[in-house]
Amino acid sequence: MTHIIAVSDWRSQPIDDLYTILETVEPTPDLLLYAGDDLSRFKNADTDTDHLAELARLTKHQQSLYVRGNDDFPPSTGPQFDSEFTTDLHRTPYTYEGLVFIGQEGSTQGPGLITHTEDDVQRHLSEHRTACEDRTPILVTHTPPFGILDIGKRFGQQHIGSKAVRSFIDDIQPPVTVCGHCHQFGGRAETLEYGTVINIASHDGVDDPGRYALITIDASNESIEYEFYDTRHLLGSRLTDLVQVGRNRVEQFSELGITNPDEITEERRAELEALPGASSWHVDRWIVHRQAFENDEVVILNKSAFGDLHDTNPLLLDIETDLQQDRIWLVGTYSYQNDAYRQFFDPDDESALLQELSEYLNDHGSEPIIYYGGNYFDEQCLSRRFDEHGITEGVDHLERAHDLGITAQQELFGPFNRHKLDVVASALGFEYQDPTVDGFVVGSKYTRYLLDGEEPDWNQLKQYNNDDVTALKTIVDHIRS
């Protein structure tokens, strides 16, 4: 068995987190794979610390295998790592336990310091093919294979993967291909007939957690298992399960000697309210959320905050878009007044769909429109798309729209650390028919349809949308009960 930890695009996350992971994860990984970008962060010019080599020392085989990303400096000007503990796979394949790791650096389109033409990539990988003759190949490539976990949106919604990489893996059929580059697909995998592609890119926001994958290759080097993780758990405290508690707040709690939620009590209210940025509002919610965990129940702190749900028969709504959120193609609804579900579906004519939806909203003009975004997403997206198509009455209808997710984050608490729709509904006993499908999967399948004409299983996507509406109804029913 070979155990691997895979990382990519560690652009803003603390490098110390990688040390923590390698020091604590079990079993200890044999190797570290890094699929590119921001390698300069791993070689500190001031202290001459070679983090890539030091991290390698924490693996069983004491090796970090890497490729450079499109935003990395080329070898002539970029960081030089200790070759005893690190291997640049683009230049030197690495063999281990019947496996051979080969690499492809940079990207084939878009801006960057390291870019290659598709012909360059094809020639390079062909040269490395001989290394695969007697061993099982594992490809580490910064850019994903074309059409697999590779839809970018920074420079327009399009595939940003490499066709040459896709052709190569279809040919040599590695059991595992590790990539990065396309951040929105980081932490996701796609299984092909012959193996699995794992995109482990992290987002580059200041507060975005780092992603990593633990990959196990069996003794035959033919089958794999993998799990995705992120660094949010590294705070080492259940305090972050509580609403409005992050890394800084945990440090403030620590200064008070508070290390777990059990110590968030009414008796310590004065100390808690005196913390920077804290108030009675925060302390009320920390205490109630802690109690909800203890009692394993979903509770409402302030029922009056949900007045619209008690006094009216609301209309529930959930939308599906492409990944760039520029096109609405499916809208699910439920009317309490009529006790009826209805879906508006048109993958090709958004204007017709929105016109029909606007007429439906007009027929339900007395009902508040309730959706669950937590960020006003549905409302803002509908407003933008109604406006784009000149459907002014549709925009007007949204004046009675309410984001239940915003209120739930402030007033509804349970044994969960995130207020996502599926998480809250699951705590109330709701189960999705296909737990492998989420909103991102639905959006990516529709985006592939737009880009490639690849027909998804529309019934599967409609079922997910209907489940979302039913999940919302589950929450509303609990609040109204």
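Details of the structure are given in the entry above.
In this convention, every chain numbers its residues from 1, walking through the sequence in written order. Only residues with pLDDT of 70 or above have their local features reported here, since the model is predicted, and side-chain atom pairs are shown and tallied only from 80 upward, although totals for entire chains, interfaces and linings are computed over all residues. Where side-chain values are given, they derive from all heavy atoms of the structure, hydrogens and water being excluded.

A. Examining the layout of surface pockets more closely. For the second largest pocket, the calculated volume is near 150 Å³. Starting at the N terminus, helices and strands are each numbered in turn, a helix being any DSSP run of H or I of at least four residues and a strand any DSSP run of E of at least two. Taken together, the elements giving at least two residues each to the lining of the second largest pocket come down to β1 (2-7), β15 (211-217) and β16 (224-230). The leading source of residues in the lining of the second largest pocket is β16, at four residues. Under the scheme applied, nonpolar residues are Ala, Val, Leu, Ile, Met, Phe, Trp, Tyr, Cys and Pro; charged residues are Asp, Glu, Lys and Arg; polar residues are all the others, including Gly. Across the lining of the second largest pocket, the residue classes tally to nine nonpolar, two polar and three charged. Note on definitions: the grid is 1 Å and covers protein atoms alone; a cavity is a set of points where a 1.4 Å probe fits but cannot get out; a pocket is an open set with protein on both sides within 12 Å along at least five of seven lines; lining residues have an atom within 4 Å of a point. Grid points are joined across faces, edges and corners, and a volume is the space filled by probe spheres set on the points.

B. Looking closely at the pattern of salt bridges. The term salt bridge refers to a side-chain nitrogen of Lys or Arg lying within 4 Å of a carboxyl oxygen of Asp or Glu. Per the stated rule, a full pass over the model turns up 22 salt bridges. Residue D71 is joined to R11 by a salt bridge in which the shortest nitrogen-to-oxygen separation is 3.1 Å. With D71 in the loop between β5 (64-66) and β6 (86-88) and R11 in the loop between β1 and α1 (16-24), the pair connects residues that are 60 residues apart, well separated along the chain. E190 is paired through a salt bridge with R448; the nearest N and O atoms lie 2.6 Å apart. On the criterion of sequence distance, the pair formed by E190 in strand β13 (residues 188-191) and R448 in helix α14 (residues 439-452) is long-range, its members being 258 residues apart.

C. Quick look at the packing of helix α3 (residues 118-128) against helix α4 (residues 163-172). Contact geometry for α3 and α4: axes closest at 8 Å, N-to-C directions at 30°. Taken together, the axis directions place α3 and α4 in an arrangement best described as roughly parallel. The two elements α3 and α4 cross, and the hand of that crossing is right-handed. Between α3 and α4, the residues in contact are E118, V121, Q122 and L125 and K163, A164, V165 and F168, respectively. For the contact of α3 with α4, the class distribution of residues is five nonpolar, one polar and two charged. As a rule, the C-alpha atoms of each element are fitted with a line to give its axis, helices using only the stretch in contact, and angles between N-to-C directions run from 0 to 180 degrees. Here is the rule for angles: anything less than 35 degrees is roughly parallel, anything more than 145 is roughly antiparallel, 65 through 115 is roughly perpendicular, and the remaining ranges are oblique. Helix crossings are classified by the rotation of the near helix relative to the far one: an anticlockwise turn of less than a right angle makes the crossing left-handed, while a clockwise turn makes it right-handed. Only heavy atoms enter the contact rule, under which two residues are in contact if any of them lie within 4.5 Å.

D. Quick peek at the sheet that holds strand β21 (residues 369-371). The pairing criterion for strands is at least two bridges between them, as found by DSSP. The strand order β20-β19-β18-β21-β22 describes an open sheet built from five strands, whose pairing is mixed. With one partner strand each, in any of the chains shown, β20 (340-345) and β22 (401-403) form the two edges of the open sheet. Here the average twist between neighbouring strands, direction ignored, is 25°. Note: strand β19 (residues 328-335) against β20, six bridges, orientation antiparallel. What sits directly across from S335, in β20, is A340.

E. The arrangement of the pairing of β13 in detail. In this structure, β13 lies alongside strand β14 (residues 196-199), joined through four bridges in antiparallel fashion. Each bridged residue has a counterpart across the sheet, and for A189 the counterpart in β14 is I198. Turn length for the β13-β14 hairpin, with the two strands adjacent in sequence and antiparallel, is four residues.

F. Inspection of the packing of helix α9 (residues 350-363) against helix α10 (residues 377-388) at higher detail. At a closest axis distance of 10 Å, the pairing of α9 and α10 adopts a crossing angle of 110°. Viewed along their axes, α9 and α10 adopt a mutual orientation that is roughly perpendicular. For the pair α9 and α10, the crossing hand works out as left-handed. Of α10, the residues touching α9 (which contributes E350, L354, L357 and S358) are L382, R385 and F386. For the contact of α9 with α10, the class distribution of residues is four nonpolar, one polar and two charged.

G. Highlighting the packing of aromatic side chains. Here the aromatic set is Phe, Tyr and Trp, taking the six-membered ring for Trp, and pairing holds for ring centres within 6.5 Å; pairs whose planes are under 30 degrees apart are stacked, those over 60 apart are edge-to-face, and all others are tilted. Here the structure, examined in full by the defined rule, presents 18 aromatic pairs. Residues Y212 and Y229 carry aromatic rings whose centres are separated by 5.4 Å and whose planes lie at 20° to one another, so their mutual orientation is stacked. On the criterion of sequence distance, the pair formed by Y212 in strand β15 and Y229 in strand β16 is long-range, its members being 17 residues apart. Burial here depends on accessible area, computed with a 1.4 Å probe over protein chains only, as a share of the maximum for the residue type. Under 20% is buried, over 50% is exposed, and the range in between is partly exposed. Residue classification places Y212 among the buried positions, given a relative accessible area of 4%. Under the relative-accessibility criterion, Y229 is labelled partly exposed at 37%. Chaining the aromatic ring pairs together yields one cluster made of W329, F345, Y446, Y449 and W458.

H. The arrangement of unusual backbone geometry in detail. Along the chain, E26 connects to P27 via a cis peptide bond; the corresponding omega equals -5°. If you trace the backbone, P27 turns up in the loop between α1 and β2 (31-34). Even without glycine at this site, D9 takes up a positive phi of about 55°. Position of D9 among the secondary structure elements: in the loop between β1 and α1.

I. Representation of the pairing of β1. Judged by how many residues are buried, β1 sits mostly within the fold: six of six residues are covered. Side-chain alternation along β1 places T2, I4 and A6 on one buried face and H3, I5 and V7 on a second face that is also buried. Pairing geometry for β1 and β15, over five bridges, is antiparallel. Bridging across to β15, A6 finds its partner in A213. Examined bridge by bridge, β1 and β2 share four bridges and lie parallel to one another.

J. Quick look at the side chain of Q63. Take Q63: it is sitting in the loop between α2 (51-56) and β5. In the analysis that follows, any N or O atom pair within 3.5 Å is treated as a polar contact, provided that within protein one partner can donate a hydrogen and the other can accept it, and provided that, for residues neighboring in sequence, both atoms belong to side chains. In terms of polar contacts, Q63 uses its side chain to reach the side chain of T87, at 3.0 Å. Residues in contact with Q63, not counting those within four places in the same chain, are L31, L32, A56, E84, F85, T86, T87 and Y94.

K. Up close: α4. Residues A164, V165, F168, I169 and I172 constitute the buried set of α4. What you see down the axis of α4 is that its buried residues fit within an arc of 130°, all on one side. Contact partners of the buried residues in α4: β8 (99-104), α3, β9 (136-141), β12 (176-179) and β14. Of the residues flanking the start of α4, the one acting as N-cap is S162, its side-chain oxygen 3.2 Å from the backbone nitrogen of A164. Just beyond α4, the residue with positive phi is Q173, at close to 55°. Working definition: the arc comes from the directions between the helix axis and the C-beta atoms, pointing outward to the latter.

What is shown is where atoms sit, not what they do.
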